[in-house]
Amino acid sequence: MPGIADAYWATPPIARTVATAVFVASVGVYTHMLSSDPFWFQWKHLWAFPPGIHRLVTSFLLTGPDMNVLFDTYFVYTYLAQLEKTNSKFTRKEDLIWYLMFVGGVTITLNQIFTGAGGYLQALLIGMCYTASQDQRGQNAHFYVITIPAQLMPWCLLLVQLLFPGGWYRVKIGLTGLVAAHMHDFITRLYPEFGNGPNLAPTPWFISWIMETPRLNKTVYGSATVPSRGGEPTRSGPLPDSWRSAGPGRRLG
């Protein structure tokens, strides 16, 4: 068990957190331990009292039933880990968080206008797949038992939706995620690089501020303020500074 725990905590933190939330929420709903109601979104929920702001997040946490719980959780982790570890667009954690917020917001808006859907995990999956595949052009990818060009992966995921009940409806939901991811790519990368224009959706300052805020960790001899951007922790405790700077203590006798 310690080995499994170590492997779990060694995974990319954003991918690990989101995939775990998706798995736990889906298992809870499909085993009837949780109600599915808080996981659906409609605009009316924002005007209720209290406002259902949490639905802006929870509407992206439910997979399909049965084996989809495992497959969708796997894809969520795989694509998020690729974006977090290797994608050149997301050199900082806050850039990836902003990407998820942007794509999620556009996905919700498009679905509320065109499909009326209340759950959006499939759309987010296809959007993340599209973004990840942009850095893999010219490479091959494995889609179940076949090998395809990497840039075709999101389109294959869309076609698979046709195999399920309500296939065309599911395809329309998936397309909203594809549009949202392409919109983010266009206004943050394509337009600045090829149109010589500005980045129209830079990462907001407050997300960077939250990520850079020092965290206070309790220790057995006091507390340590640990900046998120490197640097040595500053310690406070019962000993004078001159004692703490004198090096490790030695026991006499």
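Note that residues are indexed from 1 along each chain, following the sequence as it is written. Where totals are concerned, whole chains, interfaces and linings use all residues; where local detail is concerned, this predicted model gives features only for residues with pLDDT of at least 70, and gives and counts side-chain atom pairs only at 80 or more. Hydrogens are left out, water is left out, and the side-chain values use all remaining heavy atoms of the structure.

> What's the story with the overall build of the chain in this structure? I'm lost.
Comment: elements are numbered from the N terminus, with helices defined as DSSP H or I runs of at least four residues and strands as E runs of at least two. Check the secondary structure of the chain and you find 10 helices and 5 strands. For each residue, the accessible area found with a 1.4 Å probe, counting protein chains only, is set against the maximum for its type, and the residue is called buried under 20%, exposed over 50%, and partly exposed in between. Taken over 253 residues, the chain has a buried fraction of 41%. Contacts: residue pairs with any heavy atoms within 4.5 Å of one another. Within the chain, contacts between residues at least 6 apart in sequence are counted, and of these 57% link residues at least 24 apart. Using a 1.4 Å probe, the Shrake-Rupley method yields the accessible areas, and only the shown protein chains count as cover for residues. On the chain, roughly 15200 Å² of surface is accessible, and the fraction owed to carbon and sulfur atoms is 67%.

> How should the side chain of Asp-95 be read in this particular structure?
Mapped onto the elements, Asp-95 comes out in helix α5 (residues 93–114). Residue classification places Asp-95 among the buried positions, given a relative accessible area of 10%. Throughout this description, a polar contact denotes any pair of N or O atoms lying within 3.5 Å of each other; where both atoms belong to protein, one of them has to be capable of donating a hydrogen while the other can accept it, and for residues adjacent in sequence the pair is counted only when both atoms sit in side chains. In this structure the side chain of Asp-95 is engaged in a polar contact, spanning 2.8 Å, whose partner is the side chain of Arg-92. Beyond its immediate sequence surroundings of up to four residues, Asp-95 is in contact with Lys-89, Phe-90 and Thr-203.

> Which parts of the structure should I look at to understand the UniProt feature "transmembrane region" (unreviewed entry) in the chain?
Using the residue numbers shown here, the UniProt feature "transmembrane region" (unreviewed entry) corresponds to residues 96–121 and 141–164. The span residues 96–121 is 77% helix and 0% strand, and its two end C-alpha atoms sit 17 Å from each other. Taken end to end, residues 141–164 has its terminal C-alpha atoms 23 Å apart, with 33% of it in helix and 29% in strand. UniProt positions are given in the numbering used here, feature names are shortened, and annotations may be inferred rather than shown by experiment.

> What is the right way to read the packing of aromatic side chains from this model?
In this description, an aromatic ring pair is defined by two values, namely the gap between the centres and the angle between the planes. Whether two aromatic rings pair depends on their centres lying within 6.5 Å, for rings of Phe, Tyr and Trp, where Trp uses its six-membered ring; planes under 30 degrees apart make the pair stacked, over 60 edge-to-face, and the rest tilted. Counted according to the given criterion, the structure contains 9 aromatic pairs. Measuring from ring centre to ring centre gives 5.2 Å for Tyr-8 and Trp-9, while their planes differ by 80°; the resulting arrangement is edge-to-face. Centroid distance Phe-75 to Tyr-79: 5.9 Å. Interplanar angle 10°. Geometry classified as stacked. Here Phe-75 pairs with Tyr-79, and both are found in helix α4 (residues 68–86), just 4 residues apart, close to one helical turn. In this pair, the class of Phe-75 matches that of Tyr-79, namely buried. Distance and angle both matter: a charge sits over a ring if NZ of Lys or CZ of Arg is within 6 Å of the ring centre and within 35 degrees of the ring normal. When the ring centre of Tyr-8 is taken as reference, the NZ or CZ atom of Arg-16 above it lies at 5.7 Å.

> How should unusual backbone geometry be read in this particular structure?
Cis rather than trans, the peptide bond between Phe-49 and Pro-50 has omega equal to -5°. Backbone geometry at Asp-66 places phi at a positive 60°, although glycine is not the residue there. Here Asp-66 shows up in the loop between α3 (55–58) and α4. Of the residues examined, Asp-66 reaches a relative accessible area of 67% and is grouped as exposed. If you check the backbone angles, Asn-196 has positive phi at about 55° while not being a glycine. Counting through the fold element by element, Asn-196 comes out in the loop between α8 (167–194) and α9 (205–212).

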